[in-house]
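# Reading the structure
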Amino acid sequence: MPRKARQKSGTGIYHIIFRGANRQEIFHDNEDRLQFLQTLEKYSSLYKVKIYAWCLMSNHVHLLLKEGTEDISITIKRIAVSFVKYYHFKYNTSGHLFEDRFKSENVETVEYLLTVVRYIHQNPLKARMVRAVEEWGWSSCRQYYQLTSITRLVNCDLILNMFGEDRTTAIERFKEFNETVNDDRCLEDVDTDRRRLTDDEARSVINGVIGKIEIAQVKSLPKENRDHILRKVKGIEGVSQRQVARILGVSQTLIYRA
């Protein structure tokens, strides 16, 4: 059955999510994150895409942007292909890194535009990775707060001007809005609902997946057999690749490359 064509946004603004294939990690270190941001900056500049908010998580990316001089799907594909080439070269891997099709939703109103900005900035907070939104350095939040930021990728004027003409006052009002406790739901992103398994729970599930082989034996198996098991195990929902590495006693690099 052919895929349903994406509905065009009347404003040209979209909330977009890239995900790792099988929810695998796509950023293993800060070099990877910086490379993605540089790629995003390159193509947004080339094709006049306006970025209003962004956030890099371990296995997915949130972008809030306005379509530029070409169809947004084409621009997103350019970004993905460029980063995948970098990733495969660095880690000596092949195959899919991202899900076949990125998720997107149209942003048609000012109210929803602001909701998505807040949702994106609060993603690490709701994932319990930080205690305050500005603690996560890999989002546009710190730039909006005029704190030291990894990149100045975002032009904050559109959003901040909605909170007042005086910039200092606008930032304070924006911070209050941005940090408001809420039940925002955007693009049916259910990651924050998915409970991470404890190590004991993960160990039990892994035992069920690998069958008669003992957990302690996996790291000593021939490469082909070991990689087959690692590919199965890292697809278990609710288990992180760090947990897999810890439980099986192998390096995360082996898991990434399996």
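The structure under discussion appears in the preceding block.
In this section: the overall build of the protein chain. Of regular secondary structure, the protein chain possesses ten helices and four strands. Listed N to C, the secondary structure of the protein chain is β-α-β-β-α-β-α-α-α-α-α-α-α-α in terms of helices and strands. Compactness check: the protein chain gives a C-alpha radius of gyration of 20 Å against a globular reference of 18 Å for 258 residues, within 12% of the reference. Seen through its principal axes, the protein chain has C-alpha atoms that stretch 65 × 35 × 35 Å. Out of the 258 residues belonging to the protein chain, those deemed buried represent 49%. In the protein chain, 69% of the contacts between residues at least 6 apart in sequence involve partners at least 24 apart. When the accessible surface of the protein chain is summed, it comes to about 13700 Å², and 48% of that surface belongs to carbon and sulfur atoms. Between the centroid of the 41 positive side chains of the protein chain and the centroid of its 34 negative side chains there is a distance of 6 Å.

Take the pattern of salt bridges next. For the structure on display, the rule yields eleven salt bridges. Asp-200 serves as the salt-bridge partner of Arg-203, at 3.0 Å between the closest nitrogen and oxygen. Here the residue Arg-203 and the residue Asp-200 both occupy positions in helix H7 (residues 199-210), the gap between them amounting to three residues, near one helical turn. When its relative accessible area of 32% is taken as the criterion, Arg-203 is described as partly exposed. You can call Asp-200 exposed: its relative accessible area is 59%. A salt bridge links Lys-223 to Asp-227, with the nearest nitrogen and oxygen atoms 2.7 Å apart.

Below, the discussion takes up the pairing of strand E1 (residues 13-19). In terms of residue burial, E1 counts as a mostly covered element, since seven of its seven residues are buried. Across seven bridges, E1 lies against strand E3 (residues 60-66) in antiparallel orientation. Directly across from Arg-19, in E3, lies its bridge partner His-60. Alignment of E1 against strand E4 (residues 103-106), held across four bridges, turns out to be antiparallel. Bridge pairing in E4 places His-15 opposite Glu-105.

Another point: the sheet that holds E3. Reading across the sheet, the four strands line up as E2-E3-E1-E4 and stay open at both edges, with antiparallel pairing between neighbours. Bordering the open sheet on either side are strand E2 (50-56) and E4, each of which pairs with just one other strand. When the angles between neighbouring strand axes are averaged without regard to direction, this sheet yields 15°. One ladder, built from six bridges, connects E2 with E3; its direction is antiparallel.

Turning to the pairing of E2, a few remarks are in order. Burial runs high along E2: six of the seven residues are buried. Linking two consecutive strands that pair antiparallel, namely E2 and E3, is a turn of three residues.

The rules we used
- Residues numbered from 1 in each chain as written.
- Predicted model: local features only at pLDDT ≥ 70, side-chain atom pairs only at ≥ 80, totals over all residues.
- Heavy atoms only, no water.
- Helix = DSSP H or I, 4+ residues; strand = E, 2+ residues; numbered from the N terminus.
- Rg over C-alpha atoms; globule rule 2.2 N^0.38 Å.
- Buried < 20%, exposed > 50% of the residue type's maximum accessible area, 1.4 Å probe, protein only.
- Contact = heavy atoms within 4.5 Å.
- Areas by Shrake-Rupley, 256 points an atom, 1.4 Å probe, with all protein chains shown as cover.
- Lys, Arg positive; Asp, Glu negative; His and termini not counted.
- Charge placed at Lys NZ, Arg CZ, Asp CG, Glu CD.
- Salt bridge = Lys/Arg side-chain N within 4 Å of Asp/Glu carboxyl O.
- Pairing = 2+ DSSP bridges.
- Axes fitted to C-alpha atoms, helices over the stretch in contact; angles between N-to-C directions.

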